[in-house]
Amino acid sequence: MTRALPFISVVVPAHNRPTQLGALLSAIAEQSYPTAAFEVLVCDDGSNPALAELIPFRHAAFSLRFLRRPQAGPAAARNRGLNESRGTIVAFTDDDCLPDPAWLESIAEAFADPNTFAVHGPVRSSCPPIEFFVHSLSLGPEQGVATANFAARKECLLALDGFDATFEAPYFEDEDLARRLEERYGEIAWSDGMVVEHPPRKIGWSQAWRAATYWHWLPYFRRRHPEAWSGALPGVYRRIVLKTTLLLLGAAPVLGAPGVFFFSWAVLFAWQARRLKSLLSLAMQHGWRIDFPPQMAFLALEWLLDYRRAWSAWQGRDVQMKPQGDIETELGF
């Protein structure tokens, strides 16, 4: 007897990346899974212009819907897709990812086990994440759960009210959901065949600065999950104290201590030189042509990002959970 295929809803939060979204939809069009057995919901998080006006997939072979609302972050966007999905299984990926042709088929195989409530799989990139050079994502079974490649039974997601839309930026919201699922249902399953590619892309200072502001939600995340994220913020504080001390010593030769002046600047130079060597070596190994002047500027100013992270975390110390009902009413769904 042939097993009935589950209907899968693919939810994609998207914001102002029509080219990458078009590539994602092309990859989904190549899925080995029957087109009648899945749908795609693109949750447009306030793009300007609307993504539905830019993407030539209005008559795709698979069911495709664009859901547009004012920008509120990827967590709220995914919840919109979850609420309007028709599948018993909801799969998540991002608008800058490329699922393998067997992605949906592998998801269906994982859920053939009635004990599977959620599953995640490999996220692969041709280049590792290189701060200030390359944004990419490479994840294995021991490196956390990311919504770039994740699926769960809809009933389990709804039982937890979906993603916590208090996280208004693309940080922490997927790890928060994964931890809450595991607290209630047990360990999330892993599937080697459920593969998603995350193409690397070059990043600049403005993107790095914006990402530093996402630490605004770190104190809230730590209150919800005290066992997690123990080393990130203390590491930022240690770097701030050390570099600030060295900079103050190096800027104060008038104190009559030339030895201290030269020592402080020598340590700072060695610190930056070691960082530059390791980053450039890694970048060159993977075929990236580095624009050296901007990268040198990044390395000289990277300590400012630690100040921005610390200040953002301090500003977010009083963040409180937003009731899901209030968010849905505010966004109109």
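Below: a short report on this structure. These numbers come from a predicted model, not from an experiment.

Here helix α6 (residues 205-213) has its buried residues at Ala208, Ala211 and Ala212. The buried residues of α6 occupy an angular sector of 105° when the element is viewed end-on, so they sit on one face.

This part covers the sheet that holds strand β2 (residues 38-45). The mixed open sheet is built from seven strands, whose spatial order is β3-β2-β1-β4-β9-β6-β10. Each edge of the sheet is formed by a strand with only one pairing partner; in this case those strands are β3 (63-69) and β10 (189-190). Contacts from helix α3 (residues 103-110) reach β1 (8-14), β2, β4 (89-92), β6 (118-120) and β9 (150-153), with the element oriented near 125° to β1.

Estimates place the volume of the second largest pocket at around 220 Å³. Forming the walls of the second largest pocket are 13 residues, and the residues nearest its centre are His120, Pro141, Gly144, Val145 and Glu182. Every element with two or more residues in the lining of the second largest pocket is listed here: α5 (173-185) and β10. No other element matches α5, which puts four residues into the lining of the second largest pocket. In the lining of the second largest pocket, the residues fall into six nonpolar, two polar and five charged.

Paired through backbone hydrogen bonds, the strands of a sheet run either parallel or antiparallel to each other. Strands sit in the order β5-β11-β7 across an open sheet of three strands; the sheet is mixed. The sheet is open, and its two edges are formed by β5 (98-99) and β7 (123-124), each paired on a single side. Sheet analysis places β5 next to strand β11 (residues 196-197), joined by two bridges and oriented antiparallel. In the strand pairing of β11, Pro99 is matched with Val196.

In this section: the side chain of Asp45. Relative to the elements of secondary structure, Asp45 occurs in strand β2. Lacking a salt bridge, the buried Asp45 has Arg68 as its closest oppositely charged neighbour, with an N-O distance of 8.6 Å. A distance of 3.0 Å separates a polar side-chain atom of Asp45 from the backbone nitrogen of Gly73. Other than its neighbours up to four places away in sequence, Asp45 contacts Ala14, His15, Arg69, Pro70, Gln71, Ala72, Gly73, Pro74 and Ala77.

Here we come to the pattern of salt bridges. Any two side chains of opposite charge can pair if their charged atoms end up close together. Tallied over the entire structure, the rule returns 15 salt bridges. Residues Asp44 and Arg68 are paired through a salt bridge, measuring 3.4 Å at the closest nitrogen-oxygen approach. On the criterion of sequence distance, the pair formed by Asp44 in strand β2 and Arg68 in strand β3 is long-range, its members being 24 residues apart. Given the relative accessible area of 38%, Arg68 is considered partly exposed. Across the pair Asp164 and Arg224 runs a salt bridge, and its minimum N-O distance is 3.6 Å. Pair noted here: Asp164 is in the loop between α4 (154-159) and α5 and Arg224 is in helix α7 (residues 218-224), with a separation of 60 residues, a long-range link. When its relative accessible area of 7% is taken as the criterion, Asp164 is described as buried.

Now for the nonpolar core. If you look at the biggest cluster of nonpolar residues, it comprises 34 residues, and the most contacted ones within it are Ile8, Val10, Leu21, Val40 and Ile107. Residue assignment for this core shows that the elements contributing at least two residues are β1, α1 (18-29), β2, β4 and α3. Not counting the four nearest positions on each side in its chain, Val40 is found in contact with Val10, Val12, Leu25, Ile28, Phe62, Ser63, Leu64 and Arg65. Of all hydrophobic cores here, the second largest spans 22 residues; its members include Ala77, Val90, Ala118 and Ile188.

Cut-offs applied
- Counting starts from 1 at the beginning of each chain's written sequence and moves along it residue by residue.
- Under the rules for a predicted model, residues below a pLDDT of 70 receive no local features and side-chain atom pairs below 80 are neither given nor counted, while totals for whole chains, interfaces and linings still include all residues.
- With hydrogens and water stripped out, all remaining heavy atoms of the structure feed into the side-chain values.
- Exposure is judged per residue with a 1.4 Å probe applied to protein chains only, and the accessible area is read against the type maximum: over 50% gives exposed, under 20% gives buried, and values in between give partly exposed.
- Helix and strand assignments follow DSSP, with helices taken as H or I runs no shorter than four residues and strands as E runs no shorter than two, numbered in order from the N terminus.
- Directions pointing from the helix axis toward each C-beta atom define the arc.
- Between any two strands, at least two bridges found by DSSP are needed for them to pair.
- Residue contacts are defined here by distance: any two heavy atoms, one from each residue, within 4.5 Å place the two residues in contact.
- All axes here are fitted lines through C-alpha atoms, helices being fitted over the stretch that makes contact, and every angle between N-to-C directions spans 0 to 180 degrees.
- In this analysis, the protein atoms alone were mapped onto a 1 Å grid. Cavities are point sets where a 1.4 Å probe fits without being able to get out; pockets are open sets with protein on both sides within 12 Å along at least five of seven lines; lining residues have an atom within 4 Å of a point.
- Grid points are joined across faces, edges and corners, and a volume is the space filled by probe spheres set on the points.
- Any residue outside Ala, Val, Leu, Ile, Met, Phe, Trp, Tyr, Cys, Pro, Asp, Glu, Lys and Arg is labelled polar, Gly included; the first ten of those are nonpolar and the last four are charged.
- The charge count treats Lys and Arg as positive and Asp and Glu as negative. His and the chain ends do not count.
- When a carboxyl oxygen of Asp or Glu is within 4 Å of a side-chain nitrogen of Lys or Arg, the pair counts as a salt bridge.
- We define a polar contact as two N or O atoms separated by no more than 3.5 Å, with the added condition that, inside protein, one atom must be a possible hydrogen donor and the other a possible acceptor, whereas residues neighbouring each other in sequence contribute only through side-chain atom pairs.
- Here, nonpolar core refers to any group of buried Ala, Val, Leu, Ile, Met, Phe, Trp, Tyr and Cys residues whose side-chain atoms link them within 4.5 Å.

Honestly, that's just the spatial picture; any functional story needs more than this.
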